[in-house]
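Each chain, letter by letter, is given below.
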Amino acid sequence: MIFSGITLSVMPGEIVSVIGKSGTGKSVLLKHLIGLLTPDSGQIFVDNHELTGADRNTRELIISRFGVLFQGAALFDSMNIYDNIAFGMRRQNIHEDEIARRVPEMLSHVGLRGVEQKLPSELSGGMQKRAGLARAIARRPEIMLYDEPTTGVDPITGGAVDRLILHMRDEFHMTSIVVTHDMQSAYRVADRIVMLYEGSIIFNGTPGEIRETQDPVVRQFIEGRAHGPVSVT
Ligand SMILES: Nc1ncnc2c1ncn2[C@@H]1O[C@H](COP(=O)(O)OP(=O)(O)OP(=O)(O)O)[C@@H](O)[C@H]1O
Ligand SMILES: [Mg+2]
């Protein structure tokens, strides 16, 4: 079992960063929220709709409210960047004129102006990640799940990604869960930081509170020290 006895609530319009060592289950947590994995026990609610145990239609309706940036960018290899970004919007029947306006706008937000006609394989790893980000947010989902949005991205572009996460909240009241290893990014975007450790939530508080905590495991993580209660393996 990966998690046991965890309770996590996220309020509308809130940005929650989830941190924790590699392999602690951050990506697995996100996959449960969109029904890609089902918990052995426990419940998941989106507003007052229960995802766990819902019938197919209800599940699809709930899941359609989410946008996801997967840890790998998960672009469609055979589609150019324009069509990749347009994909989710077309499924929502957004008009082609509006799509043609939003694609370059999203690309410019992630620092990728002019790559519309390129295939994913023609972009670097970090560029693919950013194109995946543009695709995920272009249709303006109510709830966005980001799995390490700034990993593999240079610090300047990482700053732009953080600004974009904040912009989507300010402009569209988007609710966000941001899985990250990047503490600087967590401090910049998060209203609340949640740390996973050995199947539990060992910290849940504001960036100000985490800076002050005396918990040795949390301190070791946020300070990035090799020595402490947590082993590197
Ligand atoms: N579908 C699954 N069913 C059961 N266990 C899984 C599944 N997918 C991953 N795991 C296991 O769950 C653990 C957590 O994996 P996860 O990918 O969530 O880690 P993570 O915290 O996202 O790590 P990283 O920071 O390296 O991305 C790992 O031990 C992994 O092998
Ligand atoms: Mg992961």
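Below or above, wherever it landed, is the structure these notes cover. This structure is a prediction, so every number in the text was calculated from the model and none was measured.

**Observations regarding the sheet that holds strand E7 (residues 192-197)**
Taken in spatial order, the six strands line up as E4-E5-E6-E1-E7-E8 in an open sheet, and their pairing is mixed. Two strands bound the open sheet, and with one partner strand each, they are strand E4 (66-69) and strand E8 (200-205). Within this sheet the neighbouring strands show an average axis-to-axis angle of 15°, counted without direction. Judged from the four bridges that link them, strand E1 (residues 15-19) and E7 form a sheet pairing that is parallel.

**Digging into the packing of aromatic side chains**
Per the stated rule, a full pass over the model turns up one aromatic pair. One Lys or Arg, Arg135, reaches over the ring of Phe76 and ends 5.1 Å from the middle of that ring.

**Some points on the pairing of strand E5 (residues 143-147)**
Most of E5 sits inside the fold, with five of its five residues counted as buried. Burial along E5 is two-sided: Ile143, Leu145 and Asp147 facing one way and Met144 and Tyr146 facing the other are all buried. Judged from the four bridges that link them, E4 and E5 form a sheet pairing that is parallel. When the bridges of E5 are listed, Gly67 appears paired with Met144. The pairing of E5 with strand E6 (residues 175-179) spans five bridges and is parallel. By the bridge assignment for E6, Tyr146 is matched with Val178.

**Section: the pattern of salt bridges**
Scanning the entire structure with this criterion turns up 14 salt bridges. Ionic pairing is found between Glu14 and Arg192, a salt bridge with its closest N-O pair at 2.8 Å. Of the two residues, Glu14 is situated in the segment before E1 and Arg192 in strand E7; the sequence distance between them amounts to 178 residues. One salt bridge connects Arg188 with Asp162, and the closest N-O pair in it is separated by 2.8 Å. With Arg188 in helix H7 (residues 183-189) and Asp162 in helix H6 (residues 155-172), this residue pair connects regions lying 26 residues apart in the sequence. On the basis of relative accessibility, which here comes to 39%, the residue Arg188 falls in the partly exposed class. Take Asp162: its relative accessible area is 1%, and that puts it in the buried class. Via salt bridges that share partners, Glu98, Arg101, Arg102 and Glu105 belong to a single interconnected network.

What counts, and where the lines are drawn
Counting restarts for each chain: residues are numbered from 1 in the order of the written sequence. Whichever chain is written first is A, and whichever ligand is written first is 1; the rest continue in order. Only residues with pLDDT of 70 or above have their local features reported here, since the model is predicted, and side-chain atom pairs are shown and tallied only from 80 upward, although totals for entire chains, interfaces and linings are computed over all residues. Calculation of side-chain values draws on the structure's entire complement of heavy atoms; hydrogens and water are dropped beforehand. Strand pairing follows a simple DSSP-based rule, namely that at least 2 bridges must link the two strands. Working definition: helices are DSSP H or I runs of at least four residues, strands are E runs of at least two. Numbering for both runs from the N terminus. In this analysis, axes come from line fits to C-alpha atoms, helices being fitted only over the stretch in contact, and the angle between any two N-to-C directions falls in the range 0 to 180 degrees. In summary, the pairing rule links any two rings of Phe, Tyr or Trp, Trp by its six-membered ring, whose centres are within 6.5 Å, and it sorts them by plane angle into stacked for under 30 degrees, edge-to-face for over 60 and tilted for everything else. In our convention, an over-ring charge means Lys NZ or Arg CZ found within 6 Å of a ring centre and within 35 degrees of that ring's normal. Here's how the labels work: a residue is buried when its accessible area is under 20% of the maximum for its type, exposed when over 50%, partly exposed in between, all with a 1.4 Å probe on protein chains only. Salt bridge, as applied in this entry: a Lys or Arg side-chain nitrogen positioned within 4 Å of an Asp or Glu carboxyl oxygen.

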